[in-house]
Amino acid sequence: RRIMFTNTAAEALFGRQKKGPSNKIFEFPLDGGKTTEIEINPPSREKTIAEMSVVEISWEGQPAYLASLRDITKRKKMEEALRVSEEKFSKAFRHSPESFVISGIEDGTIVEANDTFMRVSGFGKEIIGKKSIEAGMWAKPEERAEVIKILKEKGMISNLERRLRLKNGETGISLFSAEIITINDTPYMISMTTDITERKKMEEKLRFSDTALNSIREGVFAMDKDFNITRWNEICEQMFGVKAADSIGKPVGDIITMVEDYPGQNEARMKVLIEKGFNREEQLYRTPRGEIWVDVHAQGIEENGVHYGWVTLVSDITERKKTEEELRFSHAAFRSIHESIIATDTQYVITHWNEISEKTYGIKAAEAIGKKLRDIIEIEENLPGENDRRFERLETDGYCRQEQLHRTKYGEVWVDVSMQAIEENGKRYGWVILASAITQRKLAEEALKRSEEKYRELIDTSSDGIISTDSQMRFVVWNRGAEKLLGYTEKEMLGESIMIIVPEQSRKEVARELIRSKQQEPGKVISQIFETQGQRKDCSQVPIEVSISTRKSEDKYFITAIMRDITVRKEAEEKLRKIDRMKSEFLSNVSHELRTPLQSISGFTKLIMNGQVPDPATQQEFFQIIDRETQHLGSLINGLLDLSRLESGRFQINRRPTALREAMIDTIKSFQTLARDKNITLNEEIPDALPEMDVDDERMRQVFFNLVSNAIKYSDAGGSVTVRAKGLPGELLFQVSDHGIGMSPEAMKHLFERFYRVEENPARSGTGLGLYITKQIIDAHEGRIWVESKVNQGSTFSFTLPYHGKGGNGHGKKNINHRRRPSDIKAR
Ligand code: ADP
């Protein structure tokens, strides 16, 4: 048994270095060709296990053994591991808390099942050797075929839910896992099942509690029997604004208050709930999120006669309540609208036609509904195509309101129409049309318009100022007459306060008057006529007569006034008054003027008659005085006669060619004595060749007489009076100048009026007729008369007579020019 030969593999196995024969004896069993296992412990190496088979051979003529060895260390180790693991598996298999069953793949014969399985399923040892389906282990036998199919395809199954039946016939739910194992070349299925029936039940419950609870789109909360909250779903969180975490465990009353319609209602509610075990009601809840209307459905939780608590379903019906409220309102509103209401879809097909529409248009709802609006109602057009434009605009605006004349086959009706699009979230659903018949009103309006136009015309054409105000005292009417009178246009004045035309000085009084009139009784019209001043736009004032009527109705107050310019009347009145005054002055003056010469005439006449004046020279002198006074009287009476002629329009002039120079010189001569007496110088500047004029000689003499007489009368001693005449282009100018007392500009204005006398000098007698008559004479000759005067400096009375070259024309002019002086030009 010495080693004669080893090959490389054997040398590796034994850890030998040299080849060839060895003296070492190799001990091995001689089993006659059988395979044995040997342990080789080569130096410095791990123990090796080899499988060896020995055969007898002949080696170099000698009998020998050939041992062939195979290293099976690895396999051995694996086998050992397997054995250990199998032991473990077996132990696990037996004692696992899960159920294990090993069964034949094809027929399902159970070959092994562990204790857990036996205990859980209730099947005993007798199950071994039986087929699982026959034993009734599968609640649904087709599930087994499915399992086998998956197994064959994938080699394993894990955690499939299967329904397995227990021995007592109950079906449990198990998690089923399986694998194929091969025992003695036969494939088996080893399956592990975990009973999850309980867990499933729990899960089911759990799912209901959370998922289900939250999947209900209504609020659900549960309470124990003392009404402490135990469950609170998400909807409740949203609905009441309280998190589950903040509500669970608290008394429901802390979170929600049921609003009572009457005191004690909540108590009654609880009583009903407890007695009946449920309650359903619409309640108003006061919650942290505010007041919410809810449909409440509370139900007691009871099992086997034990009351556990309450579950409450709540749905938010606030919106519905609101809508209901709105509906109630709109229903009431709808009924109370005494207007035609028509609804259409977007194509104007009528969908709604109320009773009033039937009355308005005479068309029954049944006839109207379903028809196009424009097919049964024709809207009158002012212009062709207007309706198309109307509807186009309506489409874009979504709204319109108009007064329209609607024509149906039954007639015409004026309506106030408003059309409104029905829209929500930007989508248009149709139209609602409200129409109220206004035919009566329209007719009345038209009549009113016509009458208004008439009045308007009347007002506009009136020359009187017609105004009217509203209760705020602002103008609403201002006619053209008012514009003419006060200068403001209608445009300027409408809306302006009445005070604008009241002058400053009367504003307070007018305001007081207005307040007083405002307190008058309603319905009464008060009319007044008075004279006042109106203030013009240019701030000047104009005397007006106002006929005003104030009217009060309810709380409104109106004024209408007619204003008339009374400037002319006022002036005329003023003049009349003045003339009246002057007339009475005149009368007293005239009596004085008449008496004075009469007294001296009768006085001197008596003296001579009684022979008291024997001296012929003195007698002569007295006769002259009597003669002068008689003339004076005569002239006075002539003046009075002239006045009466002038007043009665019988005043006439008799023109004939007259040498005016002669008349002037005569006049001057007749005043010589008087002038001398008064120590006044009389001058003349009259051209010798003053042409003859076609005038009334008598009257012209009267003019000169008057002017010279005044000049002397209103001059003091030492003064001088000049009478002159000169030719000017187209006319002759005559002047009488003095250096007397003169007069004020005011006096100059009125000088030529009848009876006018300057009041400051009443001492100088007169009647105020002289200059008036003088002017009338000059006017009658188409001449002009005027005065230039300064107080205490003197006066110059000038008058012209038109001269058309009649008689002595030409050289007279030359003479006139010769005598002309610069001051004359100035005076002219
Ligand atoms: P009478 O009879 O008063 O003179 P007249 O008509 O002649 O009436 O004159 C009117 C008034 O005019 C006079 O009262 C006088 O005051 C004023 N008057 C007329 N002439 C003159 C004058 N030359 N100088 C100043 N005052 C005059």
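Note: the structure precedes this text.
Structure report, in brief. Please read all numbers here as calculations on a predicted model, not as lab measurements.

Below, the discussion takes up the packing of helix 23 (residues 697-713) against helix 25 (residues 770-780). Between helix 23 and helix 25, whose axes approach to 9 Å, the crossing angle comes to 145°. Once helix 23 is placed against helix 25, the crossing between them reads as left-handed. Every residue of helix 25 that contacts helix 23 at Arg699, Met700, Gln702, Val703, Asn706, Leu707 and Asn710 is listed here: Gly770, Leu771, Ile773, Thr774, Ile777 and Ile778. Residue composition of the contact of helix 23 with helix 25, by class: seven nonpolar, five polar and one charged.

The full count for this structure, using the stated rule, is 18 aromatic pairs. Measuring from ring centre to ring centre gives 5.7 Å for Trp232 and Phe240, while their planes differ by 45°; the resulting arrangement is tilted. Taken individually, Trp232 and Phe240 each receive the classification buried, so the pair is uniform in this respect. Pairing Phe671 with Phe705 gives two aromatic rings, centres 4.9 Å apart and planes at 40°, and the pair type is tilted. Separated by 34 residues along the polypeptide, Phe671 in the loop between helix 21 (660-670) and helix 22 (672-677) and Phe705 in helix 23 bring together distant segments of the chain.

A few words now on the side chain of Gln265. The topology assignment puts Gln265 in helix 9 (residues 265-276). Judged by its relative accessible area of 8%, Gln265 is buried. Those residues in contact with Gln265 that lie beyond four places of it in its chain are Val259, Glu260 and Glu281.

Considering all chains together, one arrives at 42 salt bridges under this definition. With a closest N to O distance of 2.7 Å, Arg280 and Asp295 form a salt bridge. Of this pair, Arg280 sits in strand 12 (residues 278-287) while Asp295 sits in strand 13 (residues 290-303); the two residues are 15 residues apart in sequence, bridging distant segments of the chain. A salt bridge links Arg577 to Glu574; its shortest N-O distance comes to 2.7 Å.

What follows concerns helix 19 (residues 567-609). Look at helix 19: 61 Å from first C-alpha to last across 43 residues, which is about the 63 Å you get at 1.5 Å a residue. Regarding helix 19, the residues found buried are Lys578, Ile579, Met582, Phe586, Asn589, Val590, Glu593, Pro597, Ser600, Ile601, Phe604 and Ile608. For helix 19, the secondary structure elements touched by its buried residues are helix 20 (616-648) and helix 24 (745-750). Downstream of helix 19 by a residue or two, Gly611 has a phi angle that is positive, lying close to 70°.

We now examine the sheet that holds strand 18 (residues 399-408). Here six strands make up an open sheet; going across it, the order is 16-15-20-19-18-17 and the pairing antiparallel. In the strand order of this sheet, the two ends are held by strand 16 (350-353) and strand 17 (378-379), each with one partner. In the packing of helix 14 (residues 386-397) onto the sheet, the strands contacted are strand 17, strand 18, strand 19 (411-424) and strand 20 (427-437), and the crossing angle to strand 18 comes to about 150°.

Between its terminal C-alpha atoms helix 18 (residues 504-518) stretches 22 Å, which fits the 21 Å expected from 15 residues at 1.5 Å a residue. Of the residues making up helix 18, those classed as buried are Ser506, Leu514 and Ser517.

Contact geometry of helix 20 with helix 25 gives a least axis separation of 10 Å together with a crossing angle of 55°. The pairing of helix 20 with helix 25 is recorded here as oblique in orientation. Like other packed secondary-structure pairs, helix 20 and helix 25 cross with a definite hand, here left-handed. Contact with helix 20, carried on its side by Gly639, Asp642, Leu643, Leu646 and Glu647, involves Tyr772, Ile773 and Gln776 of helix 25 and no other residues of that element. Here the residues of the contact of helix 20 with helix 25 sort into four nonpolar, two polar and two charged.

Leu660, Phe734 and Phe799 are the most contacted members of the largest nonpolar core, which totals 51 residues. Considering every element that reaches this core, the biggest residue donor is helix 23, with seven residues. Once residues lying within four places of it in the same chain are set aside, the contact partners of Leu660 are Leu690, Met693, Val695, Met700, Phe704, Phe734 and Leu801. Counting residues in each nonpolar core, the second largest holds 23 residues, with Ile350, Tyr361, Val413 and Ile433 among its members.

In this section: a nonpolar patch on the surface. On the surface, Met4, Phe5 and Trp59 cluster together into a nonpolar patch covering about 310 Å² of accessible area. Its location among the elements puts Trp59 in strand 2 (residues 48-59).

The next subject is the side chain of Ser418. Checked against the element boundaries, Ser418 lands in strand 19. Judged by its relative accessible area of 17%, Ser418 is buried.

A few words on unusual backbone geometry. Trans peptide bonds make up the majority, and among non-glycine residues the majority have a negative phi. Phi is positive for Tyr348, close to 65°, though the residue is something other than glycine. The residue Met473 is not glycine, and still its phi comes out positive at about 65°. Checked against the element boundaries, Met473 lands in the loop between strand 21 (465-469) and strand 22 (475-478).

The full set close to the ligand counts 21 residues, and Asn710, Asp738, Arg757, Thr767 and Leu771 are the nearest of them. In the environment of the ligand, an oxygen atom lies 3.2 Å from a nitrogen or oxygen atom belonging to the backbone of Gly768. Within the complex, the protein chains bury 97% of what would otherwise be the 530 Å² of accessible surface of the ligand. Counting residues per element, the ones that place at least two in the shell around the ligand are helix 23, helix 25 and strand 32 (794-802). In terms of residues, the shell around the ligand owes the most to one element, helix 23, which gives three residues. Residues belonging to the shell around the ligand are distributed by class as follows: ten nonpolar, eight polar and three charged.

Reading guide: rules and limits
Residues numbered from 1 in each chain as written. Predicted model: local features only at pLDDT ≥ 70, side-chain atom pairs only at ≥ 80, totals over all residues. Heavy atoms only, no water. Axes fitted to C-alpha atoms, helices over the stretch in contact; angles between N-to-C directions. Helix = DSSP H or I, 4+ residues; strand = E, 2+ residues; numbered from the N terminus. Left-handed = near helix turned anticlockwise from the far one by under 90°. Contact = heavy atoms within 4.5 Å. Nonpolar A, V, L, I, M, F, W, Y, C, P; charged D, E, K, R; others polar. Phe/Tyr/Trp six-rings, centres within 6.5 Å; stacked < 30°, edge-to-face > 60°. Buried < 20%, exposed > 50% of the residue type's maximum accessible area, 1.4 Å probe, protein only. Salt bridge = Lys/Arg side-chain N within 4 Å of Asp/Glu carboxyl O. Expected span 1.5 Å × (residues − 1). Pairing = 2+ DSSP bridges. Parallel < 35°, antiparallel > 145°, perpendicular 65-115°, else oblique. Core = buried A, V, L, I, M, F, W, Y, C linked by side-chain atoms within 4.5 Å. Patch = residues over 30% accessible without salt bridge, like charges linked within 9 Å, V, L, I, M, F, W, Y side chains within 5 Å. Areas by Shrake-Rupley, 256 points an atom, 1.4 Å probe, with all protein chains shown as cover. Near = heavy atom within 4 Å. Polar contact = N/O pair within 3.5 Å; in protein donor to acceptor, adjacent residues only side chain to side chain.

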